[in-house]
Amino acid sequence: MKTDFDIIMKRYTYTDLKDTRSGFGEALLELGEKNSNIVALCADLTGSLKMNYFAERFPERFFQVGIAEANMMGIAAGLTIGGKIPFTGTFANFSTARVYDQIRQSIAYSNKNVKICASHSGLTLGEDGATHQSLEDIGLMKMLPNMTVINTCDFNQTKAATFAIVDYTGPVYLRFGRPKVPNFTHPDQKFEIGKGVILTQGEDVTIFATGHLVWKALEAGKILAEKGIRAEIINIHTIKPLDDITILKSVAKTKCVVTAEEHQMNGGLGDSIAQLLVRKFPVPVEMIAVNDEFGESGKPEELLVKFGLDTPNIVEAVKKVLSRK
Amino acid sequence: MRKNYFMPEYDNLKKIASQVRRDIIRMVNGASSGHPGGSLGCADFLVVLYFEILKHNPQNFNIDGVDEDIFILSNGHISPAFYSVLARSGYFDISELGSLRKINSRLQGHPSIHEHLPGIRIASGSLGQGLSVAIGAALSKKLNNDKNLVYCLMGDGELDEGQVWEAAMYAAANKVDNLIATVDYNRKQIDGPTDEVLFLGDLKAKWEAFDWMVLEMDGHNIPEIIDTLNFAKENTGFKKPIVIIMKTEMGYGVDFMMGTHKWHGVAPDDEQTKIALEQLEETIGDY
């Protein structure tokens, strides 16, 4: 039996697998051509961040700082004095936890126009294990006043987001990942900071997902549709500022929520949405997230299964939250 | 040849420095908190920098600092000296100095741009970050083909922070030669002498080993400060960053505050303030 969802999924069916970080790298190169104030800094991970294209094309605007992330954040803050728009690049863990006070004082409190771009976030970094798997970075960054926090879901969206953050003046944390994942959003999409993207309409439950788990939410939505459950799936690519209006409008209709993210439950997207809902429109919420644990080595897909972040987990969470309605 | 310290051409700077020291004592007393020791120690340097050396535009402050010199204060706790010098240079009215550390003030305990106080381009207070910021500002100047310079002041206790040495390594490796850093070498920090808290060793040799050009000066000898800063300026553009190790006395100018680390972060009470002010001539007028 063909469901509405099949038609919807057709719109989003991917043609290829691509990594989000490559979307960042491509956009950065194009931005470099367009805007001579764009500068980039990297802490010895140029290839991993796909910043090598920019570095080769614009050597005078690329700063290799070595394995010295604290210094990188300070230099980035200083480069804004004089009108430069610095993009820093390293893994999510080294972009946030390692340099939290530098970001807090020299970038967030000083409201500097620095774009902190972080790759290899979440469990799907994979084999390197817990030391490198950042599951706290959304929480750390969203707690900082002045900071905008974005977590993109695929290659095209990461590329669009990289362009969008240049048009916004102020500190931004842009979070993306390592593995190749379905590239399903439109290549010419308009990326609006702070605006959720409604992927599917539904009346029974709202699934708010961010990052790599947006695709998992769509897969879950297909399974649910086959069971006659219509999920409204919304991609919350901007965790801060949160799109209160879109969230509340959807929840007013569905009256129950599942959130899905590759992050700790504490401090993540689910936490932000729950805060909003308890204040404005309390409804049952289930959260797909890592629950107060460190990650471990393994293949990305294996880790998502082991830590309960896979498609079946989202399906189960929907069933559970429906029973609480 | 060194100029004569007692020549009248320095009287004006000495007068301003005396007034800045009065401001520091009165501001910190008024707030019943703050850091008078390092502020008094850096007063002469900041006065020379702002009144003699910097090419700057106090009446028309621009945060980007294009076509002017930039100063980054890394040891933000000496904000009383910084605020006084900024106000006395014309960045904002001296009447605002009395609001230090008080509610709704632009003069936060540590410098901030959050309140848009003219003269400040970055927040500082959490130590060790200013040299990195100064390097960034210097790189920005190079990209903008702006030939003006970036100055940075750090405390010596601050050199305990690892980020300073990350920055030191970066600036030398990348030949950031439009930057003049100064270390306030008063050899004291909150918990005691730097020799005891964390021995700095041979500071000059350390910076030289990091491939910086190292100068030394007496931070209370105004002509020597002028000469050294001018010499440093002449030596910019030679593919090396420059650091000046500036010997100072914490609490300089107030006898009971000198020779001890105890006045690093303690405000004088009214009686102590009275005694201190008797030692500091009012020259260009209290705020």
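Everything discussed here concerns the structure shown above.
Residues numbered from 1 in each chain as written. Chains lettered and ligands numbered in written order. Predicted model: local features only at pLDDT ≥ 70, side-chain atom pairs only at ≥ 80, totals over all residues. Heavy atoms only, no water.

A. Molecular detail of the overall build of chain B. In terms of regular secondary structure, chain B is built from 9 helices and 7 strands. Summarising its shape, the C-alpha atoms of chain B cover approximately 50 × 45 × 40 Å along the three principal directions. Put simply, chain B has 287 residues, and 59% of those count as buried. Look at the contacts in chain B between residues 6 or more apart in sequence, and 76% of them connect residues 24 or more apart. When the accessible surface of chain B is summed, it comes to about 11100 Å², and 49% of that surface belongs to carbon and sulfur atoms. (Helix = DSSP H or I, 4+ residues; strand = E, 2+ residues; numbered from the N terminus. Buried < 20%, exposed > 50% of the residue type's maximum accessible area, 1.4 Å probe, protein only. Contact = heavy atoms within 4.5 Å. Areas by Shrake-Rupley, 256 points an atom, 1.4 Å probe, with all protein chains shown as cover.)

B. Expanded view of the packing of helix α1 (residues 11-31) of chain B against helix α9 (residues 270-278) of chain B. All names here are of chain B. α9 packs onto α1 with a crossing angle of 175 degrees between their chain directions and a minimal axis gap of 10 Å. Relative to α9, the element α1 is oriented roughly antiparallel. Along the contact surface, α1 presents Arg22, Ile25, Arg26 and Asn29, while α9 presents Asp270, Thr273, Ala276 and Leu277. Along the lines of polarity and charge, the residues of the contact of α1 with α9 split into 3 nonpolar, 2 polar and 3 charged. (Axes fitted to C-alpha atoms, helices over the stretch in contact; angles between N-to-C directions. Parallel < 35°, antiparallel > 145°, perpendicular 65-115°, else oblique. Nonpolar A, V, L, I, M, F, W, Y, C, P; charged D, E, K, R; others polar.)

C. Quick peek at the nonpolar core. Within the largest apolar cluster, 75 residues are counted, with the highest numbers of intra-cluster contacts made by B:Leu131, B:Ile135, B:Trp207 and B:Trp212. Other than its neighbours up to four places away in sequence, B:Ile135 contacts A:Ile75, B:Ala167, B:Tyr170, B:Ala171, B:Val176 and B:Leu179. Listed in part, the 59 residues of the second largest apolar core include B:Val28, B:Ala81, B:Met257 and B:Leu277. (Core = buried A, V, L, I, M, F, W, Y, C linked by side-chain atoms within 4.5 Å.)

D. The arrangement of the packing of α1(B) against helix α2 (residues 36-53) of chain B in detail. Residues and elements named next belong to chain B. It is at 9 Å that the axes of α1 and α2 come closest, and there the two elements cross at 140 degrees. With respect to each other, α1 and α2 are oriented oblique. In the crossing of α1 with α2, the sense of the turn from one axis to the other is right-handed. Two secondary-structure elements touch here, α1 through Leu13, Ile16, Ala17, Val20, Arg21, Ile24, Ile25 and Val28 and α2 through Pro36, Ser39, Leu40, Ala43, Asp44, Val47, Phe51 and Glu52. Residues that form the contact of α1 with α2 fall into these classes: 12 nonpolar, 1 polar and 3 charged. (Left-handed = near helix turned anticlockwise from the far one by under 90°.)

E. Just the sheet that holds strand β12 (residues 238-240) of chain A, in detail. Residues and elements named next belong to chain A. Spatial ordering of the open sheet is given by β3-β2-β4-β5-β7-β6-β12, a layout of 7 strands whose pairing is mixed. Bordering the open sheet on either side are β3 (62-64) and β12, each of which pairs with just one other strand. When the angles between neighbouring strand axes are averaged without regard to direction, this sheet yields 20 degrees. Strand direction decides the pairing type here: strand β6 (residues 148-151) and strand β7 (residues 172-175), joined by 4 bridges, are parallel. Its bridge partner being in β7, Ile150 is matched across the sheet by Leu174. (Pairing = 2+ DSSP bridges.)

F. Looking closely at the sheet that holds strand β9 (residues 197-200) of chain A. All names here are of chain A. What the 5 strands build is an open sheet, ordered β9-β11-β10-β13-β14; its pairing is mixed. Edge positions in the open sheet fall to β9 and β14 (285-290), since each of these has one partner strand only. The mean angle between the axes of side-by-side strands here comes to 20 degrees, regardless of whether they run parallel or antiparallel. Contacts from helix α10 (residues 244-254) reach β9, β10 (205-209), β11 (231-235) and β13 (257-264), with the element oriented near 150 degrees to β10.

G. Region of interest: the interface of chain A and chain B. In this assembly, 27 residues from chain A lie in contact with 30 residues from chain B. If you sort the residues of chain A by the area they bury against chain B, A:Ile81, A:Gln105 and A:Tyr109 come out on top, with a joint share of 29%. Where chain A packs against chain B, one counts 0 salt bridges. Inspection of the chain A/chain B interface yields 19 residue pairs in polar contact (both at pLDDT 80 or more). Going through the elements one at a time, β3, α4 (69-79) and α6 (100-109) of chain A are the ones with two or more residues in the side of chain A that touches chain B. Looking at which element gives the most residues to the side of chain A that touches chain B, the answer is α4(A), with 8 residues. Class assignment for the residues of the side of chain A that touches chain B results in 10 nonpolar, 11 polar and 6 charged. (Buried area = accessible area lost by both parts, 1.4 Å probe. Salt bridge = Lys/Arg side-chain N within 4 Å of Asp/Glu carboxyl O. Polar contact = N/O pair within 3.5 Å; in protein donor to acceptor, adjacent residues only side chain to side chain.)

H. View of the pairing of strand β2 (residues 150-155) of chain B. Residue and element names in this part refer to chain B. Counting buried positions along β2 gives 6 out of 6 residues, so the element sits mostly inside the fold. Side chains Val150, Cys152 and Met154 of β2 all project onto a buried face; the interleaved residues Tyr151, Leu153 and Gly155 project onto the opposite face, where all are buried too. Looking at chain direction, strand β1 (residues 70-73) and β2 are connected through 4 bridges and run parallel. Residue Leu73 lies in a different strand from β2, and its bridge partner there is Leu153. The sheet contact formed by β2 and strand β3 (residues 179-185) spans 6 bridges and is parallel. Among the inter-strand pairings, Cys152 is bridged to a residue of β3, identified as Ala181. With helix α5 (residues 162-173) bridging β2 and its parallel neighbour β3, the resulting β-α-β unit is right-handed. (Right-handed = clockwise from strand over helix to strand, strands pointing away.)

I. Region of interest: the side chain of A:Glu286. All names here are of chain A. Relative to the elements of secondary structure, Glu286 occurs in strand β14. What makes Glu286 buried here is its relative accessible area of 14%. With near-sequence residues (within four places) excluded, Glu286 lies in contact with Val257, Val258, Thr259, Ala317, Lys320, Val321 and Arg324.

J. Quick peek at the packing of aromatic side chains. Applying the stated criterion across every chain, the model contains 14 aromatic pairs over all chains. Taking the centre distance of 5.0 Å and the plane angle of 45 degrees together, the rings of A:Phe184 and A:Trp215 count as tilted. Taken together, the residues A:Phe184 in the loop between β8 (180-182) and β9 and A:Trp215 in helix α9 (residues 213-226) connect sequence positions 31 residues apart. In terms of burial, A:Phe184 and A:Trp215 fall into one category: buried. Aromatic ring contacts, followed pair by pair, group B:Tyr50, B:Phe61, B:Phe71, B:Phe82 and B:Tyr91 into a single cluster. A cation over a ring is seen here: A:Lys18 above A:Phe155, with NZ or CZ 3.8 Å from the ring centre. Between A:Arg61 and the ring centre of A:Phe58, over which it is positioned, the NZ or CZ distance is 4.3 Å. (Phe/Tyr/Trp six-rings, centres within 6.5 Å; stacked < 30°, edge-to-face > 60°. Lys NZ or Arg CZ within 6 Å of the ring centre and 35° of its normal.)

K. Quick peek at the pairing of strand β7 (residues 242-247) of chain B. Residues and elements named next belong to chain B. Most of β7 is tucked away, with 5 of its 6 residues classed as buried. Direction of pairing for β3 relative to β7: parallel, over a ladder of 6 bridges. When the sheet's bridge partners are listed, Thr182 is paired in β7 with Ile244. Between the parallel elements strand β6 (residues 213-218) and β7, the chain passes through helix α8 (residues 222-234) in a crossover that is right-handed.

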